[in-house]
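A structural walkthrough
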Amino acid sequence: MTAPTVRARRKGAGLGLLAWLAGIVFFLPIAWMALTSFHSEEDAATNPPSFTAPLTLDGYREFFGTDGGASPWPALTNSAVASVASTLLVLLLAVPAAYALSIRPVRKWTDVLFFFLSTKMLPAVAGLLPIYLFARDTGLLDNIWLLVVLYTCMNLPIAVWMMQSFLAEVPVAVIEAARVDGARLPTVLTRVVGPIALPGIAATALICFIFSWNELLFARVLTGVVAETAPVFLTGFITSQGLFLAKVCAASLVISLPVLAAGFAAQDKLVQGLSLGAVK
């Protein structure tokens, strides 16, 4: 075995070990949260934490309201409706826009992309007051469909920016062949561009879903009881009196499960999509 080969293997082993260490570091807070959720409030509040404390499901019972508390299912349903509906609307609008900016670019398309990204530079709190006044005057406060529209507007710029780089990798010859066969734009998007760019679409959809599911600021201000989302419901467990750490950890773990499940189910498409367009 030559010296360069040995050095290459050592370098690969070192990078692999570094990747494992980084993965463990990122996983430790989640493992700690999961372990704390199975402790009693007294054991969860100890400092340093007691890893050998007896396990209990009291935190999950309190979260699901089995002891007479509020049920989390309406809030979880609202989060699911707002996240899924806004993600579908984002994809419905982002794919044609990205098609126009990549496969059939419009004039000054780079300026258009910069404009899309510039809308994300405005702090969300800067637009909170006018949106609240608009929702109040139109009777849309505590309405889940207002959140759907807001999440769609918030995620659309980043979705168009991502999809533009994904669709730019679609072979133009395939699209031209479909047009020669008489395919119109809707057919080209659904039967030609869609299947080829499916990994990129999946990656974009997952990121938009995560952003919508985790959003707290607008949901906290614009909703009350009817349209309350899961993150808002979670903040209700934090009080100025009493112990709440185990219950909050249990609630956080349950609320994180849909995002973790979606990421695990689409991990192959996510990796392909995020790497698509990285190498020209």
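The present account deals with the structure reproduced in this document.

Definitions and limits used
Residues numbered from 1 in each chain as written. Predicted model: local features only at pLDDT ≥ 70, side-chain atom pairs only at ≥ 80, totals over all residues. Heavy atoms only, no water. Axes fitted to C-alpha atoms, helices over the stretch in contact; angles between N-to-C directions. Helix = DSSP H or I, 4+ residues; strand = E, 2+ residues; numbered from the N terminus. Parallel < 35°, antiparallel > 145°, perpendicular 65-115°, else oblique. Left-handed = near helix turned anticlockwise from the far one by under 90°. Contact = heavy atoms within 4.5 Å. Nonpolar A, V, L, I, M, F, W, Y, C, P; charged D, E, K, R; others polar. 1 Å grid on protein atoms, 1.4 Å probe; cavity = no way out; pocket = protein on both sides within 12 Å on 5 of 7 lines; lining within 4 Å. Points joined across faces, edges and corners; volume = space filled by probe spheres on them.

**Brief notes about the packing of helix α4 (residues 73-102) against helix α10 (residues 198-214)**
- Running from N to C, α4 and α10 point in directions that differ by 140°, and their axes come no closer than 9 Å. As summarised for this structure, α4 and α10 are arranged oblique, according to the angle between their axes. Between α4 and α10 lies a crossing of right-handed hand. Here Leu-76, Ser-79, Ala-80, Ser-83, Val-84, Ser-86, Thr-87, Val-90 and Leu-91 of α4 lie close against α10, whose contacting residues are Ile-201, Thr-204, Ala-205, Cys-208, Phe-209, Ser-212 and Trp-213.
- Class assignment for the residues of the contact of α4 with α10 results in 10 nonpolar, 6 polar and no charged.

**Notes on the layout of surface pockets**
- In this model, the largest pocket occupies a volume close to 330 Å³.
- Every residue along the wall of the largest pocket is listed here: Thr-119, Lys-120, Leu-122, Pro-123, Ala-124, Gly-127, Ile-131, Leu-150, Cys-153, Met-154, Pro-157 and Phe-218.
- Sort the elements by how many residues they give to the lining of the largest pocket and helix α7 (residues 144-167) lands first, with 4 residues.
- Considered class by class, the residues forming the lining of the largest pocket number 9 nonpolar, 2 polar and 1 charged.
- By volume, the second largest pocket is sized at about 170 Å³.
- Lining the second largest pocket, in full, are Trp-213, Asn-214, Leu-216, Pro-231, Leu-234, Ser-252, Ile-255, Ser-256, Val-259 and Leu-260.

**A word on the packing of α4 against helix α9 (residues 185-196)**
- Look at α4 against α9: their axes get within 12 Å of each other, and the N-to-C directions meet at 100°. By the angle between their directions, the pair α4 and α9 is classed as roughly perpendicular. Packed against α4, whose contacting residues are Val-95, Pro-96 and Tyr-99, the element α9 presents Leu-185, Val-188, Leu-189 and Val-193 at the interface.
- Tallied by class, the residues present in the contact of α4 with α9 amount to 7 nonpolar, no polar and no charged.

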